[in-house]
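# A closer look at the structure
Listed below, chain by chain, are the residues.
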Amino acid sequence: MVVVTPGSARVGCWPGNCSDPAAPAREVTVSSSFALAKLEVTVAHYLRFSAATGRSSHLPREWLEALPVVNVSWDDAAAYAQWLSAETNRTYRLPSETEWDYVAAAVASADRDGTIVSGSYPVGAKTVGSRHANAWGLHDMAGNVSEWVAGCGERGPAPTGCTGRIRRGGSWINPAANTRASLRQVSGAAFRSMDTGFRVAAVVE
């Protein structure tokens, strides 16, 4: 885990960088410190959770334990954080979208404006941490797999509540031009895909 200190960062699609209407240019501010995992949750981590809770993994058969877990829904990711909190006596959760944006704004040395310039992941996800870390020491914030974050991306009429959850960052399935941290997608909480995983945040005591 990396402790992230408060501050502000310029995020989203700026002129000359990209023109994604789902990720408009803006400044985000984080007012309190928090901790964020250096790496995406791996298959090995998730299988321990599945074995302990009886929750199905939905993993492709050939997915190796060092790869990021995929085919996890937002509900799965939230349940994992809750289980990890109980196991470790520490409060884990999904990062907020603002927190995720803030740390993703620090691009890796192999990136330019948050975009992977050396190509996408054409044959599937890579072992977590195999790309350069960004200035916070976090890996794969722009690429590998898209990541679920906390918060609601779309609300239905009351009392329906939240009908869409947020996935951030490009993934191995995207063309190189879209393998960027600013990519934002909204899907149902039960949605699963081969290019979506997550990482956990933690409360700093």
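Residues numbered from 1 in each chain as written. Predicted model: local features only at pLDDT ≥ 70, side-chain atom pairs only at ≥ 80, totals over all residues. Heavy atoms only, no water.

Along the backbone of the protein there are three helices and 12 strands. Within the protein, the fraction of its 205 residues that count as buried is 48%. Pairs at least 24 residues apart make up 67% of the contacts formed inside the protein by residues separated by at least 6 positions. Carbon and sulfur atoms provide 52% of the accessible area of the protein, an area that totals close to 9300 Å². (Helix = DSSP H or I, 4+ residues; strand = E, 2+ residues; numbered from the N terminus. Buried < 20%, exposed > 50% of the residue type's maximum accessible area, 1.4 Å probe, protein only. Contact = heavy atoms within 4.5 Å. Areas by Shrake-Rupley, 256 points an atom, 1.4 Å probe, with all protein chains shown as cover.)

Residue placement: A25 occurs in the loop between β2 (7–11) and β3 (26–30). Exposure remark for A25: the relative accessible area of 35% places this residue in the partly exposed category. With 14 residues separating them along the chain, A25 and V11 place their C-alpha atoms 5.9 Å apart.

Model confidence for the protein is summarised by a mean pLDDT of 84, while 83% of its residues fall at 70 or above. Confidence over residues 108–122 falls short of pLDDT 50; this stretch has 45 contacts with residues more than four positions distant or in other chains. (pLDDT = per-residue confidence, 0-100.)

Strand pairing in a sheet takes place through backbone hydrogen bonds and is either antiparallel or parallel in direction. Strand order in this open sheet of four strands is β10-β9-β8-β11, and the pairing throughout is mixed. A strand with exactly one partner marks an edge of an open sheet, and here the two such strands are β10 (184–187) and β11 (196–197). Where strand β8 (residues 146–155) meets β11, two bridges bridge the pair, whose relative direction is parallel. Bridge assignment links E147 to a residue of β11, and that residue is G197. (Pairing = 2+ DSSP bridges.)

Judged by pairing direction, the sheet is antiparallel, and its four strands sit side by side in the order β1-β4-β12-β5 without closing on themselves. Each edge of the sheet is formed by a strand with only one pairing partner; in this case those strands are β1 (2–4) and β5 (92–93). The pairing of β1 with strand β4 (residues 34–36) spans three bridges and is classified as antiparallel. Paired with V2 across the strands is L36, a residue of β4. Strands in contact with helix α3 (residues 97–104) are β1, β4 and β5; relative to β4, the strand with the most contacts, it is inclined by about 70°. (Axes fitted to C-alpha atoms, helices over the stretch in contact; angles between N-to-C directions.)

A separate point is the nonpolar core. Membership of the largest hydrophobic core comes to 20 residues, with the highest contact counts inside it found for V41, Y46, Y80, W148, F198 and V200. At the level of elements, α1 (43–53) and α2 (74–88) are the ones that each hand at least two residues to this core. Among the elements that make up this core, the one with the highest residue count is α2 (seven residues). Beyond its immediate stretch of four places on either side in the chain, Y46 contacts V41, R55, S56, S57, V69, V72, D76, Y80 and F198. Counting 19 residues, the second-largest nonpolar core is a separate cluster that includes V4, V11, W100 and M141. (Core = buried A, V, L, I, M, F, W, Y, C linked by side-chain atoms within 4.5 Å.)

Within the secondary structure layout, D76 lies in helix α2. The class of D76 is buried, set by a relative accessible area of 2%. The residues touching D76, leaving out its near neighbours within four places in the chain, are Y46, F49, R55, N71 and R192.

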